[in-house]
Amino acid sequence: MNAVLTAFHPRLAPAFDVERLRADFPILQLKIDGKPLVYLDNAASSQMPQAVIDRLVRYQTSEHANINRAVHYLSETATSAYEAARRKLQHFIHAREEREVIFTSGTTDAINLVMHGYGRKFIKAGDEIILTTLEHHSNIVPWQMLAEEKGAKIRVVPINDAGELLIDDYEHLFNERTRFVGVMHVSNALGTVNPVKQMIAFAHARGVPVLVDGAQAVPHLRVDVQDLDCDFYAFSGHKLCGPTGIGVLYGKAALLEAMQPFKGGGDMIMSVSFEKTTYNTIPHKFEAGTPPIAAAIGLGAAVDYLSAIGMDAIADHEHELLSSATEQMTRMPGVRILGTAANKAAVLSFTIDGVHPHDVGTLLNQEGVAVRTGHHCAQPVMQRFKVPATSRASFAFYNSMAEVDALITGIRSVQKVFA
Amino acid sequence: MADYRALYQEVILDHNKKPRNYGTLENASHHAVGHNPLCGDHISVALNLKLDPERVECIDGIAFQGESCAICKASASMMTVAVKGKSRTDAETLIQEFLAMATGKLDLDSPNLIGRLAVFAGVRDLPTRVKCAILPWHTLHAAFNSVATASTEAAQDPMHAPIGNA
């Protein structure tokens, strides 16, 4: 199996030393009921390498104070580490300017920021917002709330049986009332990589801004927001080997400046009196209150770690894992893969005939294999495929071929129990 | 620990594969549908309450159907077997005992009506699966409290009726 796949990817397989990388992740040494942990729930949250853990400890041990406030040593150290993290994130997604990188608590928070800051200011009654069937609830519900408040309308791009967006239908949804597009870069439920660059170009030709939910893309492929030309790009730290409670909203400076603040409070103001408050410049306008400083710095360390490995090498290795798992599962009777798009990232959603996904999850757990079971916060996708739920294996660069095999063996044992 | 491994044992797998009292019940006096919004599972329970010669309310017939995982389906199947022919009072006691067992609060050594249902004891070690095992029992409780035109509005939903102390 390995040899065959190496032949498909001759330029990288030997250079990618997964065992060396695994050693960077203390949690991967865990045993679950005596069995080695096979962690295949990376789309829900990834694990943290020692380098990031160490950075958090160093910050908390010798650098912590509140930022942007006092003139003392620690405050200056913390502020400069926090702003350095912002620049690391800027470079990681190739944003033009560091002020275009806003720290949020995660993707959900970032999307809500755009809904409140942009949507509530610029979207009016009768306007239309285009979303897709693939969206995570976090890129549906905020827009429904806005549509209800404003009397706006949501139009939805359908998908085909492979889980790919129907781009012709997308283009036909545009009319003179279209004001906004929200689309995910990579589907968390199916793994589909959407042609966002093409979709953005089409929207821009009609003067419509586009928000890309990049939560599942940033950990798995090289993202260049200038190349995509997206107006907004949202992602989370904890899916990117960083801490929870931190995420990023990238926005084009001109748009961010035109937007109204989302949360009011300290740090987001220039001056405050009871007569008039002047808001701070971006990005601070959108970072009210004390941010999760340690988490932001930890995320900076995480993207350093990932950049050192190289996002292209990561994407290639994960693609090998996905190809091998897909190939083996396709040959298994009674196993159905949901999401067979031509362009996929390392997500494998599947069902086993006659076995409910929750039973699959519990039985795989008995083998030490951690997968997600449920609707993946993407109920419209489940409805499209007429299933209540699926099991989902999602890979990271630190997963090995042996773990793919453990998944396959696990699925066989589930089928045996229910035979 | 590791007790939960026993969950997927013969008796549960058998009830999952060949659920007893599966289907609909003609002229049911009581009925309720239970939902597990987290996983989309749903189960409906219909039953006939009758007065026995001593004027005690008894479960004369019971049936269930729905879509769910093996734990839930087997739990529903074994529940119908356990309560069929029992008095409503005994069935309500059993509901409370089952809920207590699933959450690790029942002393199985003290007198109880659990019997063969003890195969579900291991679910207490799987907090995310407890809801699967108890859904049928909540639904049975809701059915006991159902009225002919049971509302699906949350405030009046029989699914939200309090169940003892469990």
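As a reminder, the structure under discussion sits directly above these lines.
All of these numbers come straight from a predicted model, not from anything done at the bench.

## Points about the nonpolar core
Stage number 1. Ranked by internal contacts, the top residues of the largest apolar core, which has 80 residues, are A:Tyr170, A:Val181, A:Tyr233, A:Leu306 and A:Phe397.
Stage number 2. A per-element tally of this core places helix α11 (residues 293-309) of chain A first, with eleven residues.
Stage number 3. What A:Tyr170 contacts, discounting residues up to four positions off in sequence, is A:Ile130, A:Val157, A:Val181, A:Met199, A:Phe202 and A:Ala203.
Stage number 4. Grouped together as the second largest cluster of nonpolar side chains are 75 residues, A:Met329, A:Val371, B:Leu7 and B:Val83 included.

## Details of the environment of A:Arg22
All names here are of chain A.
Stage number 1. In this structure, Arg 22 sits in helix α2 (residues 18-22).
Stage number 2. For the pair Arg 22 and Phe 397, spaced 375 residues apart in sequence, the C-alpha to C-alpha distance is 9.0 Å.
Stage number 3. Every residue in contact with Arg 22, bar those within four places of it in the chain, is listed here: Leu 28, Gln 29, Leu 37, Tyr 398, Asn 399, Ser 400 and Glu 403.
Stage number 4. Within the local environment of Arg 22, its side chain forms a polar contact with the backbone oxygen of Tyr 398, the two atoms lying 2.6 Å apart.

## Regarding the pattern of salt bridges
All names here are of chain A.
Stage number 1. Inspection of the entire model under this criterion finds 29 salt bridges over all chains.
Stage number 2. Residue Asp 127 pairs with Arg 179 through a salt bridge whose shortest N-O separation is 3.5 Å. Taken together, the residues Asp 127 in the loop between α5 (107-122) and β5 (128-132) and Arg 179 in strand β7 (residues 178-184) connect sequence positions 52 residues apart.
Stage number 3. Classification of Arg 179 as partly exposed rests on a relative accessible area of 32%.
Stage number 4. Between Asp 312 and Arg 222 there is a salt bridge, with its nearest N and O atoms 2.8 Å apart. On the criterion of sequence distance, the pair formed by Asp 312 in helix α12 (residues 311-330) and Arg 222 in the loop between β8 (210-213) and α9 (225-228) is long-range, its members being 90 residues apart.
Stage number 5. The exposure class of Asp 312 is partly exposed, given its relative accessible area of 41%.
Stage number 6. Each of Glu 128, Arg 155, Glu 176 and Arg 177 takes part in salt bridges that share partners, so that together they form one network.

Criteria and thresholds
- Residues numbered from 1 in each chain as written.
- Chains lettered and ligands numbered in written order.
- Predicted model: local features only at pLDDT ≥ 70, side-chain atom pairs only at ≥ 80, totals over all residues.
- Heavy atoms only, no water.
- Core = buried A, V, L, I, M, F, W, Y, C linked by side-chain atoms within 4.5 Å.
- Buried < 20%, exposed > 50% of the residue type's maximum accessible area, 1.4 Å probe, protein only.
- Helix = DSSP H or I, 4+ residues; strand = E, 2+ residues; numbered from the N terminus.
- Contact = heavy atoms within 4.5 Å.
- Polar contact = N/O pair within 3.5 Å; in protein donor to acceptor, adjacent residues only side chain to side chain.
- Salt bridge = Lys/Arg side-chain N within 4 Å of Asp/Glu carboxyl O.

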